[in-house]
Amino acid sequence: MNRIRSFLAGFIPQYIGAGAILGFMRLFSFRIPIKTRNKHLAKNEAAWRTAKGAAMQGGFIEEQRALSGMVLGNKPADFNSCEVIAAYNALAALGREASFPELLQEFERGGLVFFGAFGTAPEKLRRFFAAQGLPATVIRGREITEKTLRSLAEEYRVFLLTAFNDRKDILSQVHTVCLTGEEGQWYVHNGGPLGECYGSLSDAVNGMSGGRGKPIVLYALGERKERVFC
């Protein structure tokens, strides 16, 4: 029985392509009704005043577990809000102010996977940033190679990464983080250990869950950095 469970749990992350996974999440995203969204906004604004100090560090949301008093769709925000947190952190890295409770409401309006049971479809992040005038460069699945990451790291400094927490176990679910490049170091925000950083974008992407993760999609955001040619 354990062998069968392991095979079934590993089948999707190992054998189903990123495009199919992203399409499934988009297809089963459903909008939260406006009355519920407004009720959640009032609750989240009050809860955020209490949770903000514990959740924030250095201008970024780093501690998702501090959001247990907030909600996103049909689940507490400490369970399913990683995509919205990543959006908030990316906006902060790009110098744009945002209200986290209002962002939660915005993504509820845009639709959540199974009403929030599986968080937010990564495609909703792409659409959100496009609406902000920040179209993303997108690479998926097998396109996420060391060569591609090295090239992107020379041009961008803010990324959103969605990855399986465990490449052999779909039951470990997925996680979305914001990656930022600063002075040759790459920081993973809301990725686990506070202050987690790597020497390259490739190491940051492939270091998810202690190296057990598997990238699904990566979004490069903002204007390209200027290259210096000697």
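Quick summary incoming for the structure in this document. (Residues numbered from 1 in each chain as written. Predicted model: local features only at pLDDT ≥ 70, side-chain atom pairs only at ≥ 80, totals over all residues. Heavy atoms only, no water.)

**Looking at the overall build of the protein**
Then, in step 1: Assigned secondary structure in the protein consists of 9 helices and 12 strands.
Then, in step 2: Taking 17 Å as the expected radius of gyration for a compact globule of 230 residues, we find that the protein reaches 17 Å, a close match to that expectation.
Then, in step 3: Counting only C-alpha atoms and orienting by the principal axes, one finds that the protein spans roughly 55 × 50 × 30 Å.
Then, in step 4: Expressed as a percentage of its 230 residues, the buried residues of the protein come to 47%.
Then, in step 5: Within the protein, contacts between residues separated by at least 24 positions form 66% of all contacts whose residues are at least 6 apart in sequence. (Helix = DSSP H or I, 4+ residues; strand = E, 2+ residues; numbered from the N terminus. Rg over C-alpha atoms; globule rule 2.2 N^0.38 Å. Buried < 20%, exposed > 50% of the residue type's maximum accessible area, 1.4 Å probe, protein only. Contact = heavy atoms within 4.5 Å.)

**Details of the sheet that holds strand E11 (residues 197-198)**
Then, in step 1: Read across the sheet, 6 strands follow the order E7-E12-E8-E9-E10-E11 without closing on themselves; strand pairing throughout is antiparallel. Among the strands making up the open sheet, the edge pair consists of strand E7 (137-140) and E11.
Then, in step 2: Bridge count for strand E8 (residues 158-164) against strand E12 (residues 214-221) is 7 bridges, and the pairing is antiparallel. By the bridge assignment for E12, Ala163 is matched with Pro215.
Then, in step 3: Strand contacts of helix H2 (residues 18-27): E7, E8 and E12, with the helix running at about 75° to E12, the strand carrying the most contacts. (Pairing = 2+ DSSP bridges. Axes fitted to C-alpha atoms, helices over the stretch in contact; angles between N-to-C directions.)

**Remarks on the packing of helix H3 (residues 34-55) against helix H6 (residues 100-110)**
Then, in step 1: Look at H3 against H6: their axes get within 8 Å of each other, and the N-to-C directions meet at 155°. Here H6 runs roughly antiparallel to H3, going by the angle between their axes. Taken as a pair, H3 and H6 cross one another with a handedness that is right-handed. Touching Arg37, Asn38, His40, Leu41, Asn44, Glu45 and Trp48 of H3 are Phe100, Pro101, Glu102, Leu104, Gln105, Glu108 and Arg109, all from H6.
Then, in step 2: Across the contact of H3 with H6, the residue classes break down as 5 nonpolar, 4 polar and 5 charged. (Parallel < 35°, antiparallel > 145°, perpendicular 65-115°, else oblique. Left-handed = near helix turned anticlockwise from the far one by under 90°. Nonpolar A, V, L, I, M, F, W, Y, C, P; charged D, E, K, R; others polar.)

**Structural notes on the pattern of salt bridges**
Then, in step 1: This model, assessed by the stated rule, comprises 5 salt bridges.
Then, in step 2: For Glu106, the salt bridge is made with Arg109, and the minimal N-O distance between the two is 2.8 Å. Note that Glu106 and Arg109 are positioned in helix H6 at a spacing of 3 residues, about one turn of the helix.
Then, in step 3: Judged by its relative accessible area of 29%, Glu106 is partly exposed.
Then, in step 4: The closest approach of N and O atoms between Glu146 and Arg150, which form a salt bridge, is 3.8 Å. Taken together, the positions of Glu146 and Arg150, both in helix H8 (residues 146-153) and 4 residues apart, correspond to about one turn of that helix.
Then, in step 5: Residues participating in the shared-partner salt-bridge network are Glu123, Arg126 and Arg127. (Salt bridge = Lys/Arg side-chain N within 4 Å of Asp/Glu carboxyl O.)

Distances and angles like these do not, on their own, reveal function.
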